[in-house]
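Here is how the chains run, residue by residue.
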Amino acid sequence: MIARDAVVLFAITLAVGQYAGGQNPTPSLLTINQLLTRRDFNGALAMSTALLRNQPKSPQLWLARAVSLRELGSTKDSLAAFKHVLTLEPNNVAALEGASEAAFLIKDPAARPLIQKLLELTPTDPVVNAMAGSLAYERGDCHAAIKYLTDGTLEVQSNKTASLQLSHCLLI
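So, how was this worked out
- Residues numbered from 1 in each chain as written.
- Predicted model: local features only at pLDDT ≥ 70, side-chain atom pairs only at ≥ 80, totals over all residues.
- Heavy atoms only, no water.
- Core = buried A, V, L, I, M, F, W, Y, C linked by side-chain atoms within 4.5 Å.
- Buried < 20%, exposed > 50% of the residue type's maximum accessible area, 1.4 Å probe, protein only.
- Contact = heavy atoms within 4.5 Å.
- Helix = DSSP H or I, 4+ residues; strand = E, 2+ residues; numbered from the N terminus.
- Expected span 1.5 Å × (residues − 1).
- Arc of directions from axis to C-beta.
- Axes fitted to C-alpha atoms, helices over the stretch in contact; angles between N-to-C directions.
- Parallel < 35°, antiparallel > 145°, perpendicular 65-115°, else oblique.
- Left-handed = near helix turned anticlockwise from the far one by under 90°.
- Nonpolar A, V, L, I, M, F, W, Y, C, P; charged D, E, K, R; others polar.
- Salt bridge = Lys/Arg side-chain N within 4 Å of Asp/Glu carboxyl O.
- Polar contact = N/O pair within 3.5 Å; in protein donor to acceptor, adjacent residues only side chain to side chain.
- Disulfide = S-S within 2.5 Å.

Enquirer: Is there a simple way to explain the nonpolar core in this structure?
Expert: For soluble globular proteins, nonpolar side chains are generally found buried alongside one another. With 50 residues, the main nonpolar core has Ile32, Leu36, Phe82, Leu114 and Ile115 as its most contacted residues. Sequence-distant contacts of phenylalanine 82, defined by excluding residues within four places in its chain, comprise Leu63, Ala66, Val67, Arg70, Ala94, Ala95, Gly98 and Ala99.

This is the structure in structure tokens:
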């Protein structure tokens, strides 16, 4: 598995530090940020869910919900929440990262287009390249796997499965 713990921190930063429209974050978002920072994912999930009843189009609240679900181990539900963020903000990198990782982990067919979109926005990201390489390997495309896995060298070196996939393709 190739995963990124930084998704949580990046999502928190995005949700609070880069609030849409340059506005200051609301007290509710600050509270959710505190809950996420303290790793109180149940609290953050409960609060974001409650606030979404009155603010269903808030990408920040959906992102907080998605991150909470991800960290609580509800990968399929987190994928749905990350995808919802993308309906509101199609180029939200934090949501793309979270959705890509969740889809990759559960072998959801959405993984490939999500990762491709993320590659368009962050072409040098080693984690994204490693996931793209692993997917290419799984579909038997060693040419693409070698390209992506070598672009994701830092991640590949620390991941036994990705290292084996790269080695296999290089030997063919």
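Having put the structure on the table, let's press on.
Enquirer: Looking at this structure, I do not really get helix 5 (residues 75-88). What am I missing?
Expert: It helps to recall that an α-helix has 3.6 residues per turn; residues three or four apart then point in one direction. Given a rise of 1.5 Å per residue, 14 residues ought to cover 20 Å, and the 20 Å separating the end C-alpha atoms of helix 5 matches this to within 8%. Along helix 5, the residues that are buried comprise Ser78, Leu79, Ala81, Phe82, Val85 and Leu86. Projection of helix 5 onto a plane perpendicular to its axis shows the buried side chains occupying an angular sector of 165°, all on one side. Relative to its buried face, helix 5 has exposed residues pointing more than 90 degrees away, namely Lys76 and Thr87.

Enquirer: So what exactly am I meant to see when it comes to the packing of helix 4 (residues 59-71) against helix 5 here?
Expert: The angle between the axes and the distance between the axes are what describe a pair of packed helices. As a packed pair, helix 4 and helix 5 sit with axes 8 Å apart at the nearest point and diverge in direction by 160°. Taken together, the axis directions place helix 4 and helix 5 in an arrangement best described as roughly antiparallel. Here helix 4 and helix 5 pass one another in a crossing that is left-handed. Side by side, helix 4 and helix 5 meet where Pro59, Trp62, Leu63, Ala66, Val67, Leu69 and Arg70 of the first sit next to Asp77, Ser78, Ala81, Phe82, His84, Val85 and Leu88 of the second. For the contact of helix 4 with helix 5, the class distribution of residues is ten nonpolar, two polar and two charged.

Enquirer: Whenever I open this one, the pattern of salt bridges confuses me. Can you help?
Expert: Proximity of charged atoms lets side chains of opposite charge pair with each other. One pass over the structure, following the stated rule, counts five salt bridges. The shortest N-O distance in the salt bridge between glutamate 71 and arginine 70 comes to 2.0 Å. Owing to a relative accessible area of 25%, glutamate 71 belongs among the partly exposed residues under this scheme. Here arginine 70 falls in the buried class, since its relative accessible area comes to 15%. Put simply, glutamate 101 and arginine 70 hold a salt bridge, and the shortest N to O gap is 3.2 Å. Of the two residues, glutamate 101 is situated in helix 6 (residues 93-105) and arginine 70 in helix 4; the sequence distance between them amounts to 31 residues.

Enquirer: Help me understand the side chain of glutamate 101, please; the structure alone is not making it clear to me.
Expert: On the basis of relative accessible area, glutamate 101 is assigned to the buried category, the value being 5%. For glutamate 101, the side chain forms a polar contact with the side chain of arginine 70, separated by 3.2 Å.

Enquirer: In this structure, what is going on with the state of the cysteines? I would like to understand it.
Expert: Such a bond, covalent and formed between the sulfur atoms of two cysteines, is termed a disulfide. Applying the stated criterion across every chain, the model contains one disulfide. Across the disulfide, cysteine 142 is cross-linked to cysteine 169 (sulfur-sulfur distance 2.1 Å). Between cysteine 142 and cysteine 169 the sulfur-sulfur dihedral comes to about -70°; the bridge is accordingly left-handed. Taken together, the residues span a long stretch of sequence, with cysteine 142 in helix 9 (residues 142-151) and cysteine 169 in helix 11 (residues 160-171) at a distance of 27 residues. Grouping residues by exposure puts cysteine 142 and cysteine 169 together as buried.

Enquirer: Got a minute to help me understand unusual backbone geometry in this structure?
Expert: Peptide bonds are trans in most cases, and residues, glycine excluded, mostly fall at negative phi. The residue arginine 39 is not glycine, and still its phi comes out positive at about 65°. Tracing the backbone shows arginine 39 in the loop between helix 2 (27-37) and helix 3 (41-52). Its relative accessible area of 52% is what places arginine 39 among the exposed residues. The backbone of lysine 107 sits at a positive phi, close to 60°, despite the residue not being glycine. By the element assignment, lysine 107 lies in the loop between helix 6 and helix 7 (111-121). The exposure class of lysine 107 is exposed, given its relative accessible area of 56%.

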